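Fold and contact review
Residues per chain, in single letters:
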Amino acid sequence: MSESTRLSVFKTYKLYVGGKFPRSESGRVYEVTDSKGKWLANAPLSSRKDARDAVVAARKAFGGWSGATAYNRGQILYRVAEMLEGRREQFAREVGEAEGLSKSKAGAVVDAAIDRWVWYAGWTDKIGQVVGGANPVAGPFFNLSTPEPTGVVTVLAPQDSSFLGLVSVIAPAIATGNTVVVVASERAPLPALSLGEVLATSDLPGGVVNVLSGRTAEISAPLAAHQDVNAIDLTGADAQLAKELEVAAADNLKRVLRPRAEDWTADPGTDRLTSFLETKTVWHPTGSLGASGSAY
């Protein structure tokens, strides 16, 4: 059959919630265009119900994911990087269309995003040594501080960095044992929706990452007010929206990461790894070994 007589098979983009690919509960879609206004696809226009479903999925997955060993989480994140490498060409095309980049520049962005994912995979079993440890105290006690994940984190992905920025906000949150609900870039959601397909075919348990597309302000409002969301990353919000969401987040004392100027190509450091960690400190008596006062 000649190329000209083939029926065009358009890709259907769906949400990624709880390890599955539902269409929006509302049945709505919106047009996604490239940097020059050319139509690319119809993306799901998520509703409040989709946001609530995503939180339920993230909470259900939290126990198993946070309870996994740090080494195991690192293995799973590295597997995601392997899968991304295998679909490099697809992501380069989607990023190029979304951000108006040449093929070579888009490829460089995708390579940087994969490298960034590997970077965070390597940190899973090391961050505890950096931010935890034994504390010197007066008295016969062990005093140990260890980091623990905050819980369910809502992440508003960067609006202008559809893939490198996206990876830079998702990977550190899940590397430290949190589960996330991601609101993709409103203008350029396709790389985020494709990332869901990669996560589904890796070893990442369903519900650890949930990806929603649509109007950022519409989806983020119920997530900021949700009583079962423990933290929110406001990176993808403008100043006015960020202020409104921060007020809503105060109702159940969510941990809030405010938006700031970001250079996604710079060395990420450990800042985002520690942004959604809590510190648990445990006291334990050392025990006495007799009248000499020595202890162990």
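Quantities reported herein were computed from a predicted structural model and do not represent experimental measurements.

What follows deals with the overall build of the protein. Helix and strand counts for the protein come out as ten helices and ten strands. Taking 2.2 N^0.38 as the reference for a compact globule, 296 residues should give roughly 19 Å; the C-alpha atoms of the protein span a radius of gyration of 21 Å, in line with that estimate. With the C-alpha coordinates of the protein rotated into their principal frame, the extents come out at 95 × 40 × 35 Å. Within the protein, the fraction of its 296 residues that count as buried is 46%. For the protein, contacts bridging at least 24 residues in sequence account for 75% of all contacts bridging at least 6. Of the accessible surface of the protein, which amounts to about 14,000 Å², a share of 54% is contributed by carbon and sulfur atoms. Side-chain charges of the protein comprise 31 positive and 32 negative groups, with the mean position of each set lying 3 Å from the other.

Considering all chains together, one arrives at 17 salt bridges under this definition. Between Arg 79 and Glu 82 there is a salt bridge, with its nearest N and O atoms 2.9 Å apart. With Arg 79 and Glu 82 both in helix 2 (residues 70-86) and three residues apart, this pair spans about one turn of that helix. In this structure Arg 79 comes out as partly exposed when scored by relative accessible area, which is 31%. Judged by relative accessible area, Glu 82 falls into the partly exposed class, the value being 37%. Residues joined by salt bridges that share partners form a network here, namely Asp 233, Arg 260, Glu 262, Asp 271 and Arg 272.

Time to look at the pairing of strand 4 (residues 141-149). Pairing of strand 3 (residues 133-134) with strand 4 involves two bridges; the strand directions are antiparallel. Directly across from Gly 133, in strand 4, lies its bridge partner Ser 145. Joining the antiparallel neighbours strand 3 and strand 4 is a turn of six residues, in which Gly 139 adopts a positive phi near 125°. Two strands pair when backbone bridges link them, and strand 4 and strand 10 (residues 277-285) are joined in this way by nine bridges, in the antiparallel orientation. Bridge pairing in strand 10 links Phe 142 to His 284.

Quick look at the packing of helix 3 (residues 88-99) against helix 7 (residues 190-200) now. When two helices pack together, their arrangement is given by the angle between the helix axes and the distance between those axes. One can describe the packing of helix 3 onto helix 7 by two numbers: an axis separation of 9 Å at closest approach and a directional angle of 160°. One way to sum up the angle between helix 3 and helix 7 is to call them roughly antiparallel. Remark: the crossing between helix 3 and helix 7 carries left-handed chirality. On helix 7, the residues that touch Gln 90, Phe 91, Glu 94 and Val 95 of helix 3 are Leu 190, Pro 191, Ser 194, Leu 195, Glu 197 and Val 198. Class assignment for the residues of the contact of helix 3 with helix 7 results in six nonpolar, two polar and two charged.

Summed over the entire model, instances satisfying the criterion amount to five aromatic pairs. Geometrically, the ring pair formed by Tyr 16 and Phe 21 is tilted, given 5.1 Å between the ring centres and 35° between the ring planes. Here Tyr 16 falls in the buried class, since its relative accessible area comes to 1%. Look at Phe 21 and you get partly exposed, because its relative accessible area is 34%. Of note, Arg 59 hangs over the ring of Phe 62, and the distance from its end group to the ring centre comes to 5.7 Å.

The next subject is the nonpolar core. Formed by 59 residues in total, the largest nonpolar core has its most connected members in Leu 84, Trp 117, Phe 163, Ile 170, Ile 174, Val 180 and Val 209. Not counting chain neighbours up to four residues away, the residues in contact with Val 180 comprise Val 153, Val 155, Ile 170, Ala 173, Ile 174, Val 208, Val 209 and Asn 210. Leu 15, Val 55, Val 183 and Ile 219 belong to the second-largest nonpolar core, a separate cluster that totals 23 residues.

Our next topic: the environment of Lys 11. Along the polypeptide, Lys 11 turns up in the segment before strand 1 (29-33). Considering only alpha carbons, one finds Lys 11 and Asp 34, 23 residues apart in sequence, at a separation of 15 Å. Excluding residues within four positions of it along the chain, Lys 11 makes contact with Gln 90, Glu 94, Ser 194 and Glu 197. Polar contacts involving the side chain of Lys 11 include one to the side chain of Glu 197, which spans 2.6 Å.

Further remarks concern helix 9 (residues 239-249). Among the residues of helix 9, Leu 241, Ala 242, Leu 245 and Ala 249 are the ones counted as buried. Seen end-on, helix 9 carries its buried residues on one side only, within an arc spanning 100°. What points out from helix 9, more than 90 degrees from its buried face, is the exposed set Ala 239, Lys 243 and Val 247. Capping of helix 9 at its N-terminal end is provided by Asp 238; its side-chain oxygen lies 3.3 Å from the backbone amide nitrogen of Gln 240.

Each value, and the rule that gives it
- Residues numbered from 1 in each chain as written.
- Predicted model: local features only at pLDDT ≥ 70, side-chain atom pairs only at ≥ 80, totals over all residues.
- Heavy atoms only, no water.
- Helix = DSSP H or I, 4+ residues; strand = E, 2+ residues; numbered from the N terminus.
- Rg over C-alpha atoms; globule rule 2.2 N^0.38 Å.
- Buried < 20%, exposed > 50% of the residue type's maximum accessible area, 1.4 Å probe, protein only.
- Contact = heavy atoms within 4.5 Å.
- Areas by Shrake-Rupley, 256 points an atom, 1.4 Å probe, with all protein chains shown as cover.
- Lys, Arg positive; Asp, Glu negative; His and termini not counted.
- Charge placed at Lys NZ, Arg CZ, Asp CG, Glu CD.
- Salt bridge = Lys/Arg side-chain N within 4 Å of Asp/Glu carboxyl O.
- Pairing = 2+ DSSP bridges.
- Axes fitted to C-alpha atoms, helices over the stretch in contact; angles between N-to-C directions.
- Parallel < 35°, antiparallel > 145°, perpendicular 65-115°, else oblique.
- Left-handed = near helix turned anticlockwise from the far one by under 90°.
- Nonpolar A, V, L, I, M, F, W, Y, C, P; charged D, E, K, R; others polar.
- Phe/Tyr/Trp six-rings, centres within 6.5 Å; stacked < 30°, edge-to-face > 60°.
- Lys NZ or Arg CZ within 6 Å of the ring centre and 35° of its normal.
- Core = buried A, V, L, I, M, F, W, Y, C linked by side-chain atoms within 4.5 Å.
- Polar contact = N/O pair within 3.5 Å; in protein donor to acceptor, adjacent residues only side chain to side chain.
- Arc of directions from axis to C-beta.

None of this, on its own, says anything about what the molecule does.
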